[in-house]
Amino acid sequence: MRAVIDTNVLLSGLLWHGAPHALIEHVRAGTLAMVSSPALLAELAEVVSRAKFGKILARSNTPRERFLAEMRQLAEVILPPPLPQPVCRDPDDDHVLACALAAQADLIVSGDADLLNLREYQSIRIVTAAEALRLIERA
């Protein structure tokens, strides 16, 4: 199964426990293939550079650079073309859809209401981390 994991789920999965963390463990174990793009990785780097995440990473002795390097290593990085027309209420989320479409992903995993409200895009299911876990464990 191939999935684009949105930045909010990646951060939750790498910094805390729960369904997002279990999802990242599936990626590490090879039971889920994570696909990303330069735009998504740049967004992750920008968010992780914020002071509140710096404090969390410092408490866990995880340098930002190592955190970002692990994400680049775990992900298959593709360069998707932009969507032909806007889809999401928040146009910034269209890059997630473009990545999933170009990667022929099975899932988009997000905590973002603008994406979750779509439920599906071009036959790609848009689900929460908990829903993604249920789908992976059934496969």
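Notes on the structure in this doc start here. Just so you know, these numbers come straight off a predicted model, no measurement behind them.

Regarding the nonpolar core
- Of all hydrophobic cores here, the largest spans 31 residues; its most connected members are Ile5, Leu11, Leu23, Leu44, Phe67 and Val109.
- Where this core is concerned, the elements lending two or more residues are strand S1 (2–5), helix H1 (7–15), helix H2 (19–29), helix H3 (38–48), helix H4 (51–59), helix H5 (64–74), strand S4 (107–109) and helix H8 (129–138).
- Residues in contact with Ile5, not counting those within four places in the same chain, are Leu10, Leu23, Ile24, Val27, Leu32, Met34, Val35 and Val109.
- Ranked by size, the runner-up nonpolar core spans 18 residues in total, among them Val35, Leu97, Ala100 and Leu115.

Details of the packing of H2 against H8
- For the pair H2 and H8, interaxial distance at closest approach is 8 Å and the crossing angle is 40°. In terms of orientation, H2 lies oblique with respect to H8. For H2 against H8, the interelement crossing comes out left-handed. Between H2, through Ala19, Pro20, Ala22, Leu23 and His26, and H8, the contact on the second element is made entirely by Ala129, Ala130, Ala132, Leu133, Ile136 and Glu137.
- Counted by class, the contact of H2 with H8 contains 9 nonpolar, 1 polar and 1 charged residues.

Side note on the layout of surface pockets
- Looking at the largest pocket, its volume works out to about 190 Å³.
- What lines the largest pocket is a set of 14 residues, among which Leu14, Leu15, Arg28, Ser60 and Thr62 lie closest to the centre.
- Counting only elements with at least two residues in the lining of the largest pocket, the list comes to H1, H2, H4 and H5.
- Here the lining of the largest pocket is built from residues that sort into 6 nonpolar, 5 polar and 3 charged.

Examining the pattern of salt bridges
- A complete count under the given rule lists 5 salt bridges for this structure.
- Arg50 is paired through a salt bridge with Glu46; the nearest N and O atoms lie 3.1 Å apart.
- Exposure remark for Arg50: the relative accessible area of 40% places this residue in the partly exposed category.
- Its relative accessible area of 40% is what places Glu46 among the partly exposed residues.
- The closest approach of N and O atoms between Arg89 and Asp114, which form a salt bridge, is 2.6 Å. Pair noted here: Arg89 is in the loop between strand S3 (75–77) and helix H6 (94–103) and Asp114 is in helix H7 (residues 113–116), with a separation of 25 residues, a long-range link.
- One continuous salt-bridge network, built from bridges that share partners, spans Glu25, Arg28 and Glu70.

The rules we used
- Residues numbered from 1 in each chain as written.
- Predicted model: local features only at pLDDT ≥ 70, side-chain atom pairs only at ≥ 80, totals over all residues.
- Heavy atoms only, no water.
- Core = buried A, V, L, I, M, F, W, Y, C linked by side-chain atoms within 4.5 Å.
- Buried < 20%, exposed > 50% of the residue type's maximum accessible area, 1.4 Å probe, protein only.
- Helix = DSSP H or I, 4+ residues; strand = E, 2+ residues; numbered from the N terminus.
- Contact = heavy atoms within 4.5 Å.
- Axes fitted to C-alpha atoms, helices over the stretch in contact; angles between N-to-C directions.
- Parallel < 35°, antiparallel > 145°, perpendicular 65-115°, else oblique.
- Left-handed = near helix turned anticlockwise from the far one by under 90°.
- Nonpolar A, V, L, I, M, F, W, Y, C, P; charged D, E, K, R; others polar.
- 1 Å grid on protein atoms, 1.4 Å probe; cavity = no way out; pocket = protein on both sides within 12 Å on 5 of 7 lines; lining within 4 Å.
- Points joined across faces, edges and corners; volume = space filled by probe spheres on them.
- Salt bridge = Lys/Arg side-chain N within 4 Å of Asp/Glu carboxyl O.

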